[in-house]
Amino acid sequence: MSNGQEFIKNYKQGSDYAHGFVTDIETIDVPKGLSKEVVHFISKQKKEPQWMLDWRLKAFDRLQSMKEPDWQKPKYPKINYQDLYYYSAPKSLTDQPKSLDDIDPEIRKTYEKLGIPLLEQKKLAGIAVDAVFDSVSVATTFKDKLNEIGVIFCSISEATREHPELVQKYLGSVIPMSDHFFATLNSAVFTDGSFVYIPPGVRCPMELSTYFRINASNTGQFERTLIIADKGSYVSYLEGCTAPMRDENQLHAANVELVALDDAEIKYSTVQNWYPGDKEGNGGIYNFVTKRGACRGKNSKISWTQVETGSAITWKYPSCILQGDNSQGEFYSVAITNNYQKADTGTKMIHLGKNTRSKIISKGISAGHADNTYRGLVSIHPKATGAKNYTQCDSLLVGNKCGAHTIPYIENKNSTSEIEHEATTSKISDDQLFYCRQRGLNQEEAVSLIVNGFCKEVLQQLPMEFAVEAQKLVGISLEGSVG
Amino acid sequence: MENYNEIKINFEKFINTFKTDDNDLEFRKKSFANFISKGFPISRDENWKYSPLVQDLKKFSHLNNKKTGINALPNALKENFDHYSIIFVDGVLILTDINDTGLVIKKNNSFLKSVKKAGENPILNLNNAFADQGYLIELSSNTILTRPIVIYNYFSKNFLSSFCSSKNFILLNEKSNVVVYEKTIYDSSIEYLITSNTEIFLAKGSKLKKYDLNCNNKHSTIFNFVKANLDENSELEYFTFSENINSCRDESIINLNGKNCFANVNAIQLLRNNCNHEIKLQINHNEEHTKSSQFVKSALYDSANAIFQGKIFVDSKAQKTDGYQLSRALLLSDNVKFFSKPELEIYADDVKCSHGSSSGSVDEESIFYLRSRGISKEDAKMMMINGFLGEVIEKITEDKFKNIFFNKLDHYSNHD
Amino acid sequence: MIDIKNLRASVDDKEILKGLNLKIGKGEVHAIMGPNGSGKSTLSYVLSGKEGYNVEGEIKFNKKNLLELNAEERAREGIFLAFQYPIEIPGVFTNNFLRTSLNSVRKANGKAELNAIDFLKIVKEKAKELNIGEEMLSRPLNVGFSGGEKKRNEILQMSLLEPSFVVMDETDSGLDIDALKIVSNGVNSLRDPERSFLIITHYQRLLNYIKPDFVHVLSDGKIVKTGDWKLALDLEDEGYGQFIN
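Residues numbered from 1 in each chain as written. Chains lettered and ligands numbered in written order. Predicted model: local features only at pLDDT ≥ 70, side-chain atom pairs only at ≥ 80, totals over all residues. Heavy atoms only, no water.

Caption draft 1: Geometry of the overall build of chain C. The secondary structure content of chain C amounts to eight helices and 12 strands. A compact globule built from 245 residues should have a C-alpha radius of gyration of about 18 Å, and chain C, at 18 Å, falls within 12% of that. Taken along its principal axes, the extent of the C-alpha atoms in chain C is 55 × 40 × 35 Å. In chain C, buried positions account for 52% of the 245 residues. For chain C, restricting intrachain contacts to residue pairs at least 6 apart in sequence, the fraction spanning at least 24 positions comes to 69%. Surface accessibility of chain C: about 11200 Å² in total, with carbon and sulfur atoms responsible for 45%. Considering chain C, the positive charge centre built from 33 side chains and the negative charge centre built from 36 side chains are found 3 Å apart. (Helix = DSSP H or I, 4+ residues; strand = E, 2+ residues; numbered from the N terminus. Rg over C-alpha atoms; globule rule 2.2 N^0.38 Å. Buried < 20%, exposed > 50% of the residue type's maximum accessible area, 1.4 Å probe, protein only. Contact = heavy atoms within 4.5 Å. Areas by Shrake-Rupley, 256 points an atom, 1.4 Å probe, with all protein chains shown as cover. Lys, Arg positive; Asp, Glu negative; His and termini not counted. Charge placed at Lys NZ, Arg CZ, Asp CG, Glu CD.)

Caption draft 2: Examining the pattern of salt bridges more closely. Summed over all chains, the structure comprises 40 salt bridges over all chains. One salt bridge in this structure joins Glu365(B) and Lys50(C), with 3.0 Å as the shortest N-O distance. With Glu365(B) in helix H5 (residues 364-371) and Lys50(C) in the loop between helix H1 (40-48) and strand S4 (54-61), this pair bridges two chains. You can call Lys50(C) buried: its relative accessible area is 18%. We note a salt bridge from Lys230(C) to Asp228(C), for which the minimum N-O separation is 3.6 Å. In the salt-bridge network here, residues are joined through shared partners; they are Glu46(B), Lys311(B), Lys341(B), Glu343(B) and Glu345(B). (Salt bridge = Lys/Arg side-chain N within 4 Å of Asp/Glu carboxyl O.)

Caption draft 3: Inspection of the sheet that holds strand S6 (residues 79-82) of chain C at higher detail. All names here are of chain C. An order of S6-S9-S10-S3-S11-S12 is seen for the six strands of this open sheet, with the pairing classed as mixed. Every other strand in the sheet has two partners, leaving S6 and strand S12 (222-227) as the edge strands with one partner each. Adjacent strand axes in the sheet meet at a mean angle of 20°, parallel and antiparallel pairs treated alike. With five bridges joining them, strand S9 (residues 165-169) and strand S10 (residues 196-201) adopt parallel strand pairing. Looking at the pairing, Phe-165 lines up with Ser-196 of S10. Relative to the sheet, helix H8 (residues 229-238) contacts strand S3 (29-33), strand S11 (214-219) and S12, its axis offset from that of S11 by approximately 45°. (Pairing = 2+ DSSP bridges. Axes fitted to C-alpha atoms, helices over the stretch in contact; angles between N-to-C directions.)

Caption draft 4: Examining the interface of chain B and chain A more closely. Across the boundary between the two partners, chain B contributes 35 residues, which contact 31 residues of chain A. Summing both partners gives a buried area of about 2600 Å² for chain B against chain A, and 47% of it is carried by carbon and sulfur. Of all residues in chain B, the largest losses of buried area upon contact with chain A belong to Leu344(B), Tyr347(B) and Asp349(B), amounting jointly to 21% of the total for that side. A salt bridge links Lys427(A) to Asp350(B); its shortest N-O distance comes to 4.0 Å. There are 17 residue pairs in polar contact (both at pLDDT 80 or more) connecting chain B and chain A. Listing elements by their share of the side of chain B that touches chain A, those giving two or more residues are strand S16 (322-331), strand S17 (337-346) and strand S18 (352-360) of chain B. Sheet topology note: the strand S24 (residues 418-427) of chain A/S18(B) ladder contains seven bridges and is antiparallel. Bridging from a neighbouring strand, Thr425(A) pairs with Cys353(B) of S18(B). (Buried area = accessible area lost by both parts, 1.4 Å probe. Polar contact = N/O pair within 3.5 Å; in protein donor to acceptor, adjacent residues only side chain to side chain.)

Caption draft 5: How the structure looks around the interface of chain C and chain B. Listed as interface residues are 34 residues of chain C and, on the opposing side, 17 residues of chain B. Surface buried jointly by chain C and chain B totals about 2100 Å² across both partners, of which 63% is contributed by carbon and sulfur atoms. There are four salt bridges connecting chain C and chain B. Inspection of the chain C/chain B interface yields 11 residue pairs in polar contact (both at pLDDT 80 or more). The set of elements that each furnish at least two residues to the side of chain C that touches chain B consists of H1, helix H2 (71-77), S6, strand S7 (89-93), helix H3 (94-108) and helix H6 (147-161) of chain C. Among the elements that make up the side of chain C that touches chain B, the one with the highest residue count is H3(C) (six residues).

Caption draft 6: A look at the sheet that holds strand S1 (residues 2-11) of chain C. Residues and elements named next belong to chain C. Pairing is antiparallel across the open sheet formed by four strands, whose spatial order is S2-S1-S4-S5. Both outer strands of the open sheet, strand S2 (14-24) and strand S5 (64-65), are each paired with one neighbouring strand and no more. Both S4 and S5 contribute to a ladder of two bridges, which runs antiparallel. By the bridge assignment, Phe-61 is partnered in S5 with Lys-64.

Caption draft 7: Representation of the side chain of Ser292(B) in the model. All names here are of chain B. Considering the arrangement of structural elements, one finds Ser-292 in strand S14 (residues 291-300). Given a relative accessible area of 1%, Ser-292 falls into the buried group. In contact with Ser-292, not counting residues within four places along its chain, are Leu-256, Phe-262, Ala-263, Ile-283, His-285, Asp-322, Gly-323 and Tyr-324.

Caption draft 8: Structural context of the confidence of the model for chain C. Of the residues in chain C, 98% reach a pLDDT of 70 or more, and the chain-wide mean stands at 86. For this predicted complex, the interface score ipTM comes out at 0.84, alongside a pTM of 0.80. (pLDDT = per-residue confidence, 0-100.)

Caption draft 9: Highlighting the environment of Tyr76(A). All names here are of chain A. By secondary structure assignment, the location of Tyr-76 is in the loop between helix H3 (50-63) and strand S2 (88-90). With relative accessibility at 15%, the residue Tyr-76 sits in the buried group. For the pair Tyr-76 and Tyr-390, spaced 314 residues apart in sequence, the C-alpha to C-alpha distance is 33 Å. Apart from residues no more than four positions distant in its own chain, Tyr-76 is found in contact with Glu-68, Pro-69, Phe-182, Tyr-286, Phe-288, Ile-313 and Trp-315.

Caption draft 10: Main features of the pairing of S3(C). Residue and element names in this part refer to chain C. In terms of burial, S3 is a largely internal element, five of the five residues being buried. A two-sided burial pattern is seen for S3, the buried positions comprising Val-29, Ala-31 and Met-33 on one face and His-30 and Ile-32 on the other. For S3 and S10, the ladder comprises five bridges, and the chain directions are parallel. By the bridge assignment for S10, Val-29 is matched with Phe-197.

Caption draft 11: Focus on unusual backbone geometry. Residue Asn142(B) is not a glycine yet carries a positive backbone phi of 65°. As for its position among the elements, Asn142(B) is in the loop between strand S5 (135-139) and strand S6 (149-155). Residues other than glycine seldom take positive phi values, yet Asn62(C) does so here, at roughly 55°. Among the structural elements, Asn62(C) can be located in the loop between S4 and S5.

Caption draft 12: Structural detail: helix H4 (residues 122-130) of chain B. Residue and element names in this part refer to chain B. With nine of nine residues buried, H4 is to be regarded as a mostly interior element. When H4 is considered as a whole, its buried residues turn out to be Pro-122, Ile-123, Leu-124, Asn-125, Leu-126, Asn-127, Asn-128, Ala-129 and Phe-130. Tucked inside the fold, the buried residues of H4 contact helix H1 (5-17), helix H2 (22-38), strand S7 (163-172), strand S9 (193-202) and strand S10 (207-230). Near the N-terminus of H4, the side chain that reaches the backbone nitrogen of Ile-123, with its oxygen 3.1 Å away, is that of Asn-121.

Caption draft 13: The side chain of Ser358(A), seen in detail. Residues and elements named next belong to chain A. Tracing the sequence through the fold places Ser-358 in strand S20 (residues 357-366). Residue Ser-358 is classed as buried on the basis of its relative accessible area, which comes to 6%. At a separation of 2.8 Å, a polar atom in the side chain of Ser-358 contacts the side chain of His-351. The contacts of Ser-358, once residues within four sequence positions are left out, are Leu-322, Gly-329, Met-349, His-351, Lys-388, Asn-389 and Tyr-390.

Written out as C-alpha cells, the structure is:
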C-alpha cells in the first residue's frame, strides 16, 4: 500500500520530523482576527446558503460570553484569538477544479511529498481520499463510484450546498453549538472537513480517509466533520494528519460528530502525528479536538481508535452517547508523549438506553519531560438498566522526569449495571530490554518491540493500512528516551 | 454568595473571649479571613465535585458554637475492656490529664498550628478558626502500649448548639506503638455541623493502629479531616466503619516521608435512607521504597449515595513505590448512586501502582449456589453482603477489634 | 422416586431440552452421557431450579412437582447439585456457610438447628473421612481451592446435607486419578437404598469407580438410548457419532 510505504520511507530517514517543510505558495489570506466580517467572508468563500451563515453567526454571538476552560492538566500560554488567521486557501482553488488536472502543480507536489497519491487513483486500492489543503478541499476521489451505491463522501462545504436537509438535520445535534468554548469557536469559523452519509443497509466497501495539513503561519485549523450511518449501514473512516515545522504554536480545534442509527456501525480511526515541538519544547501544534458519537439507534455501535504521537498539547475526549438500547461504544487509545509534550485525553461513555455496553482500553506512554493524563467518564443514567462497562488504563513510564496520570470519573446511578475499572502503571523493565538485546535486537528495536507489545490491544483495532504506519510511529516516538 | 454575616458575628464573639497566645490568634484570624473570602465549597471546585457537603453546608449560615450544659457519657456506651479514655460530650472534652510511663494524654491547649497552608480547604479553614477543643496524645520513644486508647464522641439529646470543632494531635515518638479506637455516638436529633481535624506524626519505627466507628447519624453534617506524616519504617493501619451517616466527608491526607513506611487504609460504607457519605483519600509517596494499600467497600440501600475519591501520588524520587487501591460497591436498590474517582498521579517510573474500582449488584451465580444449598434468597443475599464487607474487617490486625467490628456488622446489617 | 415427564427448557428462544423423559427409582444410580451441547448442564440446572430458563413439563419428586418450587425449596426437599465449577465466594467462610446451609435444611424438615459446637464436631468428622484438611474449613468458600479441593468440598456438603436425590454435573472434570478416587469413595459411601444419584458425565472414566445401574445417552435435548453400565463402555469405544444427526 503506497501510502504506508511512503511514510515508512520518510521516517527511516531519521527521527527529525520528516515532514518539516513548507509549500511556498500564494494564499488568499483574510485579515487577522475574529470578527463578524471574517465569519461572513468564510461563508461567502464557501458559497454557503443563508441558513449556514445564520448558524455561524449565532455561534459567533454565543462565543462572546464564553470562557476557555481551565481544569485540564496541561496549561498553555494564553492564545490571542485576534492574532490568528481564520481562513487560508491557495489562490488557484478559488474556483472548484473540474478534474485532478486542474489542481495547482505546487499543491500536487505537496501531496506527493506527503505520500497522498491523488494521481495514482488505480493504485489507491480502494481508499477514497478527501485531501484537505489548508482550509479548502482539493479533490474528492472516487466520489462517483461511491455515488453509485448512494454513499455521499464530500467536503462539508459541498454538503451544505448539495445536501442541505441532511446537514441541517444533524449538524450540531451531537455537539451542541454552545457545548464549550472550542466547540463554539469551531461552529463560527469552521472552514472545511468531511461529510459522509451511508444509506440504509449499505456497507461502505472501502475505507474513507482524510489528510490534513496546516501551512500558513498562525492559521488555526477548524475542521468540521459529520458522519451519518443510516439504518443497518457500516463505515470505517480513517483520519491521519501531518503538519510542517513552525515556530509559533498552531491551534487545531476540530469538531467531529458521528451519528449511528438502528443497527448501524461507525468505526473511526485516527493516527495523529502533528509537529510536537522541538526537543526543547518550542513550537508544536495544540490539538484541542471535540469528537462525539451518538449511538442513536438500537443495536448501533461506534468505535473510536486513536494513536496520538504528535502535537505539543493533545486535549481530546472522543465520546459515545449510548442512547439506543443495546448500543455499544468503544474507545481504544495509544497516547505517546515524549520531550515536552503534554496530553490530557480520554473518553466519555454516557449510558442512557437499556443494556448498553462500553469498553475502554487506554495505553499511555510517557517519556522525557512529558506529561500524560488519561481522563475518562463512565456515567450510568438512572434509567440505563443492564449497562456494562469495562475500562483498562495502563501507563508506561520511561525515566523519572515524566508523569503519567489516570483520572477516571465513575458515576453509577443504576443498581443493575456492572462497572469494572482497572489501571496499572509500569516501566520498560531492564530485564525485558536485556532479554531482547541478548536475542540480537538493539536498544531502539527492543524498545519498539516492547512498546508495541504494550499497545498491541489497541493497534489491533486499526485498519490494516494504518496499523503498519502506527507501529512504526510508536517505535519512533520513543527514540532516544531509553538508556 | 451566601450570607456569612451571622458567622462573622459569632467568630468575633468567639475570638474576643478565647484565651490563647498571639501566634495562635493570628493564625485563627487568617484562617477565618481565608474562609470568608472563598465561602463554603461549590461543586465546580474539582476537590468538592461530588461532595454531599456542598449541598448540606448551605443549612449552616448561623454557626453557633456555644457550649451547652455538660452531660456525662452513659455507662452503657463504655467499652468493657481495659483502656485509657478520652471523652467528648456534646463537643466538650472532659479529660483529666494522664501521665503514665511513656504516655501523655492532655487537653490540646497550645493548638500547635502545623497546618500552615490556609486557604486551600474552606472547611479546614473554618476548623482552624474555631476549634477550641482537642486532645494531645504523645508516646515517648520505645513505648509499646498494651492498653488501647478509646476516644468517645458522644452527642446527647441535650445538645443544642449547631457547630462544634475539634483539633487533635497524636504524636508517636520513635519505635512506639499504640491502638486508638474512636467511636462516635449520636443521640441528638437536631442538625449540626461537626468538624474534626486530627494530625498524626509517626516518628521512625513507630506504629499506629486507628479504628473509627461512625454510626447512625440521621441529621448532622460531618467533616473529618486526618493528616498523617509517616517517617522511616513507620506504619499506619487505619480502618473506618461508617454506617447510616447522613452527610459526611471523611478526608485524609497521608504523607509517606521516609523509606519503608507503610500506610494501610481500609474503609466500609454501609448506607441506607438518604445517606450521603464521601471518602476522600490521598496518599503521597514522597520517598523511595514506600508502600500503601487502600481498600474500600460500600453497600448501598434505599436512596443512599456513596462517593469514593482515592488518589495515589508518586513523587519523581519515590522509586520502588508499591501503591495499591481497590474500591468495590454493591448497589442494592434502584435509587442508589455510587461515584468513584480513583486517581493516579505518577512521576517516577520504577513503581508498582494499580487501582481498581467496580460497582454493580450481587452476583447471581453465587446467590444460586447458596440457594441450591437450602439457604433462602434473602439469607443468601445477606450472607454475600456480609461476606463482601467482612473482607475489609479481615484486614484489621488487632483481634479484639476485629471481633468488635464483626459484631457491629452483624448488628447493623440485620437492622434497618 | 423421581419422574421427569416431557421436560422442555429453552433460553432466549433457543430450545435446549426437547421433551426429556426419565424415571429414577429409589437407591438407583443413573448416568447420563452425551456430546457437548446435548443439554447436560442445562438438565442439571433445570433440575436444581436455576433461574433464566423457560421450562415446561413435569418433575415429580416426593409427590410434588419440583417445577413449582424455587431453588432453596428444592434443596430443602432433598435435591443436591454437585456443581461442575463450584463458585468462589470471597468473604463467606466455609464453616459458616456449611452451618447455615445445614441448619436451613434441618429447620425445613422439623429438625432442631445445630449449635456451633455440635456442628463443628460433625463437620470435622466428615472432613476427616474425606481427607479434607480442617484449615480449609476456615477459609472463604472455595477461594484459592484447587480443582480437586473444590470437588471434595462438594462431596463434604453432600455428606452433611444428606440429600435424597443427588445430581452430579461433570464432577470428574479437572480431577486427577487420586482426587477422582477420593470423590468416588465419598460418593460410594453415600449410596443408600433411600438415595438416588444422577451422574452427568462426558467421559466414561468416572463410571469405573461409581458403577451405575442405568446409562442414558443424551443427544440434542432428548434421551436417545438407555442401557446398563456396559453401554458406557460401548460409547467409550465408538464415541457419540452414531447419535448425532
